[in-house]
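Single-letter residue listing:
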Amino acid sequence: MELDHLNPSSLPSGTHIGPWRVVQPQGRGAYGVVYRAVGPEEGAGLVALKLALYPGDARFTREAELLSRLRHPAIPRLLDHGQWQSREGVSYAWLVMELIEGAPLYDWARAQRPSSRQVLQVLARLARALEATHAAGGVHRDVKGENVRVRRADGQPFLMDFGSGHHLGAATLTWHPFPPGTSAYRAPEAWRFVLRSRRPPAVPYAPGPADDVFALGVTAYRLITGKYPPSAHPDDEDAWLWRTKQLGSWLPRAFNVHCSRELSAWVSRMLSPNPEARGSARDVAEALEQAARNAGPEADASLFTGDEPQPAGLFPAPQRVRVRPPPRAATRSWFTAASLGGALALSAWGLLSPLSVEEPAARHLVEQEDSKDGGAVAVGDSALTAPVAPERAPSVWPAIAVDLPPKPIPGQRRPDANGRCPSRGQVPINGGCWRKLVITDMKNCDDEAYMYKGACYVPTFPPPRPATSAPTQHADGE
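Residues numbered from 1 in each chain as written. Predicted model: local features only at pLDDT ≥ 70, side-chain atom pairs only at ≥ 80, totals over all residues. Heavy atoms only, no water.

Enquirer: Would you explain the overall build of the chain in this entry?
Expert: In terms of regular secondary structure, the chain is built from 11 helices and 16 strands. When each of the 478 residues of the chain is scored for burial, the buried share is 54%. For the chain, long-range pairs separated by at least 24 residues make up 70% of all intrachain contacts whose partners lie at least 6 apart in sequence. Only carbon and sulfur atoms are counted for the fraction: they give 52% of the accessible area of the chain, which is about 21500 Å². (Helix = DSSP H or I, 4+ residues; strand = E, 2+ residues; numbered from the N terminus. Buried < 20%, exposed > 50% of the residue type's maximum accessible area, 1.4 Å probe, protein only. Contact = heavy atoms within 4.5 Å. Areas by Shrake-Rupley, 256 points an atom, 1.4 Å probe, with all protein chains shown as cover.)

Here's what the structure looks like:
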């Protein structure tokens, strides 16, 4: 097959990338596309193949290096990586990983209604995955429920999406106050670092192992309560709840009476405002494992009854997370611009099958839920965890939409020689044609849209060509 004429975003079945053969598309983000693929061995199972949409994307090199250092049963294995080169000499990076068939963590929890003991075991396994990552000199930087999959075959959780990760010796790809991540999971010390002065920091904030532990705590908190902890942003109206005397007022057990005391206590410890008090990932894993072994009968009660009401209280519910501009916005305009334009500049990507939950209750939850998580990583590769027609993005602003890509998306309409787009209402930006969405609330800028200069845009594409093999239609349409 003539590879030099193929578009990375729309490879036909049977295309070979290295020794791997494409079977069908899996999902797509702003910088990469994932395919189900098979290897050269007869009878080999499916794998997940991620292919870069743009030549020379250094994200893939860094991700491959980090994953090559990791060998852990709760982390999908990196099977292969390389460069797909066309005859013109253009190279596109690709990665192949173990395919994990399963559901996102929060969907699994509401479908299976696990006990506190089961959640302790799940969290311990994820903490062990973080321990292995940190021991290899890496940090995940985007731990959250949407980046955890629970394997359908045996209920084992896997930490996914290392595209936002970093490791010792890796080059810095962006220079923004915040590196990749999701706002609702950001640790208090990260906010303090960036907001400690009226001027942008000389160097970006560098998340460490303690940030990953905190994000795991946020993940556990939302799993148990259905809501996020109070905002750790110092200027948010709920920031006072992070004071020492107030921490006990929003324990997980305070919002879910079915949560065991052991589980509530350890989740609260992971959410400590003091990074040292959280302990290392290894400390957390050992404590969770011991708590799972020693917890009493209370820990075997299901966390959910199946008819939980919409969470209410001081903290935003998952579908209605509010990110307010700080009162001193005028003095921190640099931060506002930076957070919109690049705070979430890299990508996590999911090497998973589309969610296919067989339980009717779970399917109802998936269809009715407005948001999956506290915001997608900015380049939109969270769409890679979904089918090609992605579900709605999390309702969080400004972490909802993604930065507008620096180049046109493959297949996107381009301006003509005079710099004009072919249709009225389309605007040329970065070499592609875009349509500006007229919306009053930026939280409605969904996962098919991109942020650009504080507005919401969607790419435009030519209409599909009619199939040449289709029968000729008569004038009456029959």
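Enquirer: Would you take a moment to explain the packing of helix H7 (residues 261–270) against helix H9 (residues 281–294) for this structure?
Expert: The relative placement of two packed helices comes down to the angle between their axes together with the axis-to-axis distance. In the contact formed by H7 and H9, the axes pass within 10 Å of each other and the chain directions differ by 170 degrees. One finds that H7 runs roughly antiparallel with respect to H9. On the side of H7, the interface is formed by Glu 262, Trp 266 and Met 270, while H9 contributes Val 284, Ala 287, Leu 288 and Ala 291. (Axes fitted to C-alpha atoms, helices over the stretch in contact; angles between N-to-C directions. Parallel < 35°, antiparallel > 145°, perpendicular 65-115°, else oblique.)

Enquirer: Looking at this structure, I do not really get the sheet that holds strand E5 (residues 78–85). What am I missing?
Expert: The pairing of strands in a sheet comes from backbone hydrogen bonds and takes either a parallel or an antiparallel form. Ordered by their spatial adjacency, 6 strands build an open sheet running E1-E2-E3-E4-E6-E5, and the pairing between neighbours is antiparallel. Every other strand in the sheet has two partners, leaving strand E1 (16–17) and E5 as the edge strands with one partner each. Summarising the sheet, strand E3 (residues 32–38) and strand E4 (residues 47–52) pair through 6 bridges and their orientation is antiparallel. By the bridge assignment, Arg 36 is partnered in E4 with Ala 48. Running at roughly 30 degrees to strand E6 (residues 91–98), helix H1 (residues 58–68) makes contact with E3, E4, E5 and E6 of the sheet. (Pairing = 2+ DSSP bridges.)

Enquirer: Is there a simple way to explain the side chain of Thr 219 in this structure?
Expert: By the element assignment, Thr 219 lies in helix H5 (residues 209–225). With near-sequence residues (within four places) excluded, Thr 219 lies in contact with Leu 105, Tyr 106, Val 143, Lys 144, Gly 145 and Tyr 185.

Enquirer: Can you walk me through the pattern of salt bridges in this structure?
Expert: Any two side chains of opposite charge can pair, on the condition that their charged atoms come close. A full pass over the atoms with the stated rule returns 13 salt bridges. With its nearest N and O atoms 2.9 Å apart, the salt bridge here joins Arg 69 to Glu 65. Judged by relative accessible area, which is 33%, Arg 69 ranks as partly exposed. The class for Glu 65 is partly exposed, based on a relative accessible area of 33%. (Salt bridge = Lys/Arg side-chain N within 4 Å of Asp/Glu carboxyl O.)

Enquirer: When you look at the state of the cysteines in this model, what are you seeing that I'm missing?
Expert: Two cysteines joined by a covalent bond between their sulfur atoms form a disulfide. Tallied over the full model, the rule gives 1 disulfide. The disulfide partner of Cys 421 is Cys 433, and the S-S distance across this bridge is 2.2 Å. With the S-S dihedral at roughly -105 degrees, the linkage between Cys 421 and Cys 433 falls on the left-handed side. Highlighted residues: Cys 421 in the loop between strand E12 (402–403) and strand E13 (426–429) and Cys 433 in strand E14 (residues 432–436), separated in sequence by 12 residues. Take Cys 421 and Cys 433: they sit in the same class, and that class is buried. (Disulfide = S-S within 2.5 Å.)

Enquirer: When you look at helix H3 (residues 116–135) in this model, what are you seeing that I'm missing?
Expert: In an α-helix, one turn spans 3.6 residues, which is why side chains three or four residues apart end up on the same side. For H3, which comprises 20 residues, the first-to-last C-alpha distance of 28 Å matches the rise-based estimate of 28 Å (1.5 Å per residue) to within 8%. In terms of residue burial, H3 counts as a mostly covered element, since 16 of its 20 residues are buried. After H3 finishes, the residue Gly 137 shows a positive phi value of roughly 85 degrees. (Expected span 1.5 Å × (residues − 1).)

Enquirer: Hey, could you run me through the packing of aromatic side chains in this one?
Expert: Pairs of aromatic rings are described using the distance from one ring centre to the other and the angle between the two planes. By the definition in use, this model includes 5 aromatic pairs. Both rings, one in Phe 214 and one in Trp 242, keep their centres 5.9 Å apart while their planes meet at 40 degrees; by these two values the pair is tilted. Within this pair, whereas Phe 214 is found in helix H5, its partner Trp 242 is found in the loop between H5 and helix H6 (252–255), the two being separated by 28 residues in sequence. Between Tyr 221 and Trp 250, the aromatic rings sit 5.9 Å apart at their centres with planes inclined by 70 degrees, giving edge-to-face as the arrangement. With Tyr 221 in helix H5 and Trp 250 in the loop between H5 and H6, this pair connects stretches of sequence that are 29 residues apart. Just as Tyr 221 is buried, Trp 250 falls in that class too. Every member of this aromatic cluster is reached through a ring pair, and the members are Phe 214, Tyr 221, Trp 242 and Trp 250. Just above the ring of Phe 158 sits the side chain of Arg 125; from NZ or CZ to the centre is 5.2 Å. (Phe/Tyr/Trp six-rings, centres within 6.5 Å; stacked < 30°, edge-to-face > 60°. Lys NZ or Arg CZ within 6 Å of the ring centre and 35° of its normal.)

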